[in-house]
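Now for the letters of each chain:
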Amino acid sequence: MIINSKTGKIRKNYSLRELKEAANFMRGIDLVALNCAGSGHTGGTLSIMDITAALYLKVANHDPQNPDWSDRDRIVWSVGHKAPSLYIGLGMSGYFPLEEVVLLRKLDSPFQGHPHWLKLPGVEFSTGSLGQGIGLAVGAAIAGKLNKKNYKVFVITGDGEWDEGSMWEAAMEASHYKLDNLRVIVDRNYLQIDGSTEEVMRLDPLEKRLASFGFKVICADGHKMEKILEAFARADKVKGCPVALVFRTIKGKGVSFMENLAGWHGKSPNDEQLIKALEELKLTGKIDVARLKEKAAVYQKKMDLKTEKQLPKFKKDYFWNRQAVMKVVMEPNRFGFGKTLAKYGNDERIVCLGLDISDSVTISKFYAGHPERKQRFLSMGIAEQSATTVAGGLAREGKLPVLSTYGVFCSQRNADQMRTSICYGNLNVFFGGAHGGVSVGADGATHQALEEISVVGILPNMNLEVPCDSIEAFRACEYLLLQIKGPKYVRFAREATPVVTTEKTPYVFGHANVIRFRGEKANFIEAFETVLGEKYKSEKEKVAIIACGPEVPEAMRAAWILKKEKGIETRVINVHTVKPLDKETIINAAKDVQVIVTAEEHQKGGFGSLISSAVMEANLAKTPKFAMIGVNDRFGESGHPWELMKVFGLTAEFIAKKVIDLL
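The paragraphs below set out a description of the structure included in this document. Nothing here was measured: the structure is a model prediction, and the numbers come from that model.

1. Points about the overall build of the chain
In step 1: Helices and strands together make up the secondary structure of the chain, namely 23 helices and 24 strands.
In step 2: The globule rule puts the C-alpha radius of gyration for 663 residues at 26 Å, and the 26 Å found for the chain is close to it.
In step 3: Along the longest, intermediate and shortest principal axes, the C-alpha atoms of the chain span 80 × 60 × 50 Å.
In step 4: The buried share of the chain, taken over its 663 residues, is 61%.
In step 5: Excluding contacts between residues fewer than 6 apart, the proportion of contacts in the chain whose partners are at least 24 apart in sequence is 78%.
In step 6: Counting 89 positive and 78 negative side-chain charges, the chain places the averaged centre of each group 2 Å from the other.

Right, here's the structure in full:
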């Protein structure tokens, strides 16, 4: 119930009819918010909405006027990508004006792509990396017992999320401690990103499995409000053990062209689809779509002005493709990863392990158009740690296992497995760290890999590549896959970034390239000359910008700005191989220049500290001034990828300004 925590009186008591109407209306607001965001998770937010309405408007005791009320029931969203449903539940309850949710996934908005409790009252925990919310809920439930509180803890999970081993660890703990104040909710819609849960990684008989872990299991139709309320009421009568409420739902519920389609997992409706969906929900005219979209647009314009104001100014606008000259082609460098697997997939040794975002990270290119390869594609579900150890087993038997997922999970969730099972034994496993840096954009901090160079680069026996574009990504992946025997990791971005190399550009694993600006051309790529670092002869440049990954094109653009604006000659060094590091090329630059600036789409120092240590350990008679461009000891943020590049000070303008300041 929505309660006045000071008086104990109910602020609003919804009837069954009102709850049904509220849930339907909430679906409409959800669709509008996702449309305004231009991204997000439609299918799952629609499948969980009836349960959300029941929880926030009827079942859970909470007070929007006192979000930290100590006796409130806790609602934990382990399935963090369904955050829009959480936000709408809070808005409907009165925590803030409901219309504010149209600022979903926008820069500086409290409505992040995944929930963050420090940004929005009513959010209990920051979540996003799947499989962790149930453990948080167990901790909150144990605290309730220790503090002799009567509150209940509800934790909302997705069914695909139960692929994660941490879910079952927490389930054992819940039973062991007899947490009858814990309600584990499963949104059982039978779909995850890569398809049916039963084809990706079989969960059934889920109810029996949960019961075997000590849960009292209650099953109900997750779209019939009467059955939902009845299930929660039955749970309240259970004593001495935790309760699992398995609600059978339909992904995309309420919109015919979205229902039961895995493709709507991480997709938002366009304007035409929004209108049609609202018609089907019988909400046409009941939601002022135009006003809400205008609210979102006005906010975005405000953020655009803010980000542009932060950008260092020069005589011209040198941003990508803003001038009549220096045009550049944009392509995601993840495509290079997929092309490598497509080209060499006939090698019977190669086995690919999918981790539920196969199309997005392009590992599915391995079997696309080649059905005979499908038997060598293992769907591992959302289970990064287990997949890593399975890959180790395959490698020990002579296979060439390749696995890929978001870089933040690939590098950190399974860090111990990578360290002990793979690197310690020097096993031949290829990790594809996808969507590195801020390129994942509006998904926000939980999904933005800003620490992996440090985490992966410190591991003995590991080989680490951070290619600058899609062509270099292909060449790096080709070499890692076929030439390197041992652990290897490639970090690549999600967003389209400038293509600044060709097939003729020098590429030698472990050897950096030197890039020099030679004058404006019609095409950006033609304005530069690239040579292997060991073959480069000093041209008495004052500055070296040493970069990796998508920061290499930014360093090149900074060299253009510095020459045009200040007449400064710059040596750009592309360190595509971060480990082993080409110290010779770096030290030669340190001998020749007055200023070194490093650039990384990463926490400042992950890459920059490797460069600085190489310079300092050389014990030169004279060392240049030194600075780093990177994310300054903070977590990421929801926003458009290029917007975030500006906000975090990662673009060429910031690099050029840093050089000028040092000189």
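2. Comments concerning unusual backbone geometry
In step 1: Residue proline 205 is bonded to the preceding aspartate 204 through a cis peptide linkage, with omega at 5°.
In step 2: With respect to the helices, strands and loops of the structure, proline 205 is situated in the loop between helix H7 (197–200) and helix H8 (206–212).
In step 3: Here the residue pair lysine 579 and proline 580 is connected by a cis peptide bond, since its omega of 5° sits within 30 degrees of zero.
In step 4: Looking at the secondary structure, you find proline 580 in the loop between strand S22 (577–579) and helix H20 (583–592).
In step 5: Of note in the backbone geometry, histidine 435 takes a positive phi value of approximately 60° without being a glycine.
In step 6: Mapped onto the elements of the fold, histidine 435 is located in the loop between strand S14 (430–434) and helix H17 (452–457).

3. As for helix H3 (residues 49–59)
Along an α-helix, residues three or four positions apart point the same way, because every turn accommodates 3.6 residues.
In step 1: Counted residue by residue, H3 has ten buried out of eleven residues, so it is predominantly covered.
In step 2: Three or more residues of H3 are buried, namely Met49, Asp50, Ile51, Thr52, Ala53, Ala54, Leu55, Tyr56, Leu57 and Val59.

4. What about empty space enclosed by the protein?
In step 1: Counting across every chain of the model gives three cavities of 30 Å³ or more.
In step 2: The volume enclosed by the largest cavity comes to roughly 90 Å³.
In step 3: Contributions of two or more residues to the lining of the largest cavity are made by strand S17 (496–498) and helix H22 (641–647).
In step 4: Looking at the lining of the largest cavity residue by residue, the classes come out as seven nonpolar, two polar and three charged.

5. A look at the packing of H3 against helix H4 (residues 83–93)
Two quantities define a packed helix pair, namely the angle between the axes and the distance from one axis to the other.
In step 1: The N-to-C vectors of H3 and H4 enclose an angle of 35°; their axes lie 9 Å apart at closest approach. Taken as a pair, H3 and H4 cross one another with a handedness that is right-handed. Residues Met49, Thr52, Tyr56 and Leu57 of H3 pack against Ser85, Leu86, Ile88, Gly89, Leu90, Met92 and Ser93 of H4.
In step 2: Looking at the contact of H3 with H4 residue by residue, the class counts come to seven nonpolar, four polar and no charged.

6. Brief notes about the nonpolar core
In step 1: Ranked by size, the top nonpolar core spans 120 residues in total, and within it Leu55 and Phe232 carry the most contacts.
In step 2: If near-sequence neighbours (up to four positions away) are discounted, phenylalanine 232 is found in contact with Ile51, Leu55, Val59, Phe154, Ile185, Leu245 and Phe247.
In step 3: If you look at the next biggest cluster of nonpolar residues, it comprises 43 residues, including Cys423, Leu427, Ala590 and Ala614.

7. Digging into the sheet that holds strand S16 (residues 488–491)
In step 1: The sheet built from seven strands is open, its strands ordered S12-S11-S13-S14-S16-S15-S22 with mixed pairing. Pairing within the sheet leaves two strands with one partner each, and these edge strands are strand S12 (377–379) and S22. Pairs of neighbouring strands in the sheet enclose a mean axial angle of 20°, with direction left out of account.
In step 2: Where strand S11 (residues 350–354) meets strand S13 (residues 400–406), five bridges bridge the pair, whose relative direction is parallel. By the bridge assignment, isoleucine 350 is partnered in S13 with leucine 400.

8. Quick look at the sheet that holds strand S3 (residues 74–77)
In step 1: Spatially, five strands are ordered S3-S4-S5-S9-S8 in an open sheet, and the strand pairing comes out parallel. Taken across any chain shown, the strands that pair with only one partner, and hence form the sheet edges, are S3 and strand S8 (216–221). The sheet shows a mean angle of 20° between the axes of neighbouring strands, direction not considered.
In step 2: As defined by bridge partners, strand S5 (residues 182–188) adjoins strand S9 (residues 243–248) across six bridges and the pair is classed as parallel. The residue of S9 that forms the bridge with arginine 188 is arginine 248.
In step 3: Across the sheet, H3 lies against S3, strand S4 (153–158), S5 and S9, angled at about 160° from S3, the strand it touches most.

9. Thoughts on the packing of aromatic side chains
In step 1: Per the stated rule, a full pass over the model turns up 19 aromatic pairs.
In step 2: For the pair tyrosine 406 and phenylalanine 409, a centre-to-centre distance of 5.6 Å together with 65° between the ring planes defines the contact as edge-to-face. Here tyrosine 406 and phenylalanine 409 have matching classes, each one buried.
In step 3: An aromatic cluster is defined as three or more aromatic residues linked by ring pairs; in this entry it consists of Tyr318, Trp320, Phe517, Phe524, Phe528 and Trp560.
In step 4: Lysine 267 extends its terminal NZ or CZ atom over the ring of tryptophan 264, reaching a point 4.4 Å from the ring centre.

10. Structural notes on the side chain of arginine 72
In step 1: Structurally, arginine 72 is set in the loop between H3 and S3.
In step 2: At 3.3 Å, the side chain of arginine 72 and the backbone oxygen of proline 67 are in polar contact.
In step 3: Beyond its immediate stretch of four places on either side in the chain, arginine 72 contacts Asn61, His62, Pro67, Glu124 and Tyr151.

Calculation notes
- Residues numbered from 1 in each chain as written.
- Predicted model: local features only at pLDDT ≥ 70, side-chain atom pairs only at ≥ 80, totals over all residues.
- Heavy atoms only, no water.
- Helix = DSSP H or I, 4+ residues; strand = E, 2+ residues; numbered from the N terminus.
- Rg over C-alpha atoms; globule rule 2.2 N^0.38 Å.
- Buried < 20%, exposed > 50% of the residue type's maximum accessible area, 1.4 Å probe, protein only.
- Contact = heavy atoms within 4.5 Å.
- Lys, Arg positive; Asp, Glu negative; His and termini not counted.
- Charge placed at Lys NZ, Arg CZ, Asp CG, Glu CD.
- 1 Å grid on protein atoms, 1.4 Å probe; cavity = no way out; pocket = protein on both sides within 12 Å on 5 of 7 lines; lining within 4 Å.
- Points joined across faces, edges and corners; volume = space filled by probe spheres on them.
- Nonpolar A, V, L, I, M, F, W, Y, C, P; charged D, E, K, R; others polar.
- Axes fitted to C-alpha atoms, helices over the stretch in contact; angles between N-to-C directions.
- Left-handed = near helix turned anticlockwise from the far one by under 90°.
- Core = buried A, V, L, I, M, F, W, Y, C linked by side-chain atoms within 4.5 Å.
- Pairing = 2+ DSSP bridges.
- Phe/Tyr/Trp six-rings, centres within 6.5 Å; stacked < 30°, edge-to-face > 60°.
- Lys NZ or Arg CZ within 6 Å of the ring centre and 35° of its normal.
- Polar contact = N/O pair within 3.5 Å; in protein donor to acceptor, adjacent residues only side chain to side chain.

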